[in-house]
Amino acid sequence: MTRPVTDLAGVAAATARLLSDAAALPPGAVGEPSLLPGWTRGHVLAHLSRNADALVNVLSGRPMYPSARAREADIEAGAPRPPDVHLADLRQSAARLAAAWDRLTDEEWAATVELRGGVTDRASSVPFRRWVEVELHHIDLGIGRTVGDLPGAFTDRAVDYLTRRFAGHPQVPALELRAEDGRRWRTGGPGGEPLVVAGTPAALTGWLAGRTTGTGLTAGSASGAALPVLPPL
């Protein structure tokens, strides 16, 4: 079947965790800094809501966002809202996206869609992309969730997804990533002997996603060797 059942279940569970934690935020918390430079928690929550609606646009054949400026303006406008308004927006936008997924036929799941910046992929990739957004930005809220809390079903997929994002990137050296279970991935620039970076899928995910500086990873042949600084995704 083309319908990505596992990813749909994963993003539903991640969304439920996000909503539960967002519901516990005290009134002043949304205006406090998140872990993302220049963004409050309100910015993170507004982005997650608008991202859900943007993916509905993608699945409907419309541009993901009207423009980069409009995307930023919507986040800025939504950021200062009180927690209960953010929570309602998160729930409603997630429900709209789930309804859009439910309407897709197998043929539509297999169709190519256009994302931001001219990136194209199959519609069946969209649930995992949303799963990435929810898991990583939940961490960015800075309310206690860490990379170590990410479910194994997510990190197992995320390493592959993130290494593909950096494949051929001119600012990333040739890398060979090794998980402790024996899996390996190549990414970064195509030339030269790759730097070997090893660790758990969670540690690799945290570093590749820019949510850690490489805690729990080893580089090269010696523990504690310097890891390259990766550009933002």
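The notes below deal with the structure included here. (Residues numbered from 1 in each chain as written. Predicted model: local features only at pLDDT ≥ 70, side-chain atom pairs only at ≥ 80, totals over all residues. Heavy atoms only, no water.)

1. Quick notes on the pattern of salt bridges
What counts is decided by this rule: For this analysis, a salt bridge means a side-chain nitrogen from Lys or Arg found within 4 Å of a carboxyl oxygen belonging to Asp or Glu.
In the structure shown here, the tally under the stated rule is 16 salt bridges. Several salt bridges share partner residues, and in doing so they unite R50, D53, R81, D89 and R96 into one network.

2. Considerations on the sheet that holds strand β4 (residues 184-187)
Stated precisely, the cut-off is as follows: Here, strands pair whenever DSSP counts at least two bridges between them. Put simply, DSSP marks the helices as runs of H or I at least four residues long and the strands as runs of E at least two long, and each gets a number from the N terminus on. Any two residues having at least one pair of non-hydrogen atoms within 4.5 Å are treated as being in contact. Note on geometry: axes are C-alpha line fits, over the in-contact stretch for helices, and angles between N-to-C directions span 0 to 180 degrees.
Strands sit in the order β4-β3-β5-β6 across an open sheet of 4 strands; the sheet is mixed. Across the chains shown, the open sheet's two edge strands, defined by having one partner strand only, are β4 and β6 (218-219). Summarising the sheet, strand β3 (residues 175-179) and strand β5 (residues 195-199) pair through 5 bridges and their orientation is parallel. Bridging across to β5, E176 finds its partner in V196. Across the face of the sheet, helix α7 (residues 152-166) comes into contact with β3 and β4 while running at roughly 20° to β4.

3. Some thoughts on the packing of α7 against helix α8 (residues 201-208)
The criterion, for reference: Put simply, a crossing is left-handed when the front helix is turned counterclockwise from the back one by less than a right angle, and right-handed when it is turned clockwise. Each residue is assigned to one of three groups, with Ala, Val, Leu, Ile, Met, Phe, Trp, Tyr, Cys and Pro labelled nonpolar, Asp, Glu, Lys and Arg labelled charged, and all others, Gly among them, labelled polar.
As a packed pair, α7 and α8 sit with axes 9 Å apart at the nearest point and diverge in direction by 40°. In this structure, the crossing between α7 and α8 has a hand that is left-handed. Here α7 contributes F154, T155, D156, A158, V159, L162, T163 and F166 to the contact with α8, which in turn contributes P201, A202, L204, T205 and L208. Here the contact of α7 with α8 is built from residues that sort into 9 nonpolar, 3 polar and 1 charged.

4. Some thoughts on helix α6 (residues 126-140)
In plain terms, the rule: Here a helix's expected span is defined as the number of its residues, less one, multiplied by 1.5 Å. Burial status follows relative accessibility: with a 1.4 Å probe on protein chains alone, a residue under 20% of its type maximum counts as buried, one over 50% as exposed, and anything between as partly exposed.
A rise of 1.5 Å per residue sets the reference length of α6, with its 15 residues, at 21 Å; its end C-alpha atoms lie 21 Å apart and thus fit the reference within 8%. Of all 15 residues in α6, 14 are buried, a share of seventy percent or more. Backbone geometry just downstream of α6 places G142 in the positive-phi region, at approximately 65°.

5. Comments concerning the pairing of β3
Along β3, 4 of the 5 residues are buried, which leaves the element largely enclosed by surrounding structure. For β3 and β4, the ladder comprises 4 bridges, and the chain directions are antiparallel. Bridge pairing in β4 places L177 opposite W185. Connecting the antiparallel pair β3 and β4 is a turn made up of 4 residues, with G182 showing a positive phi of about 100°.

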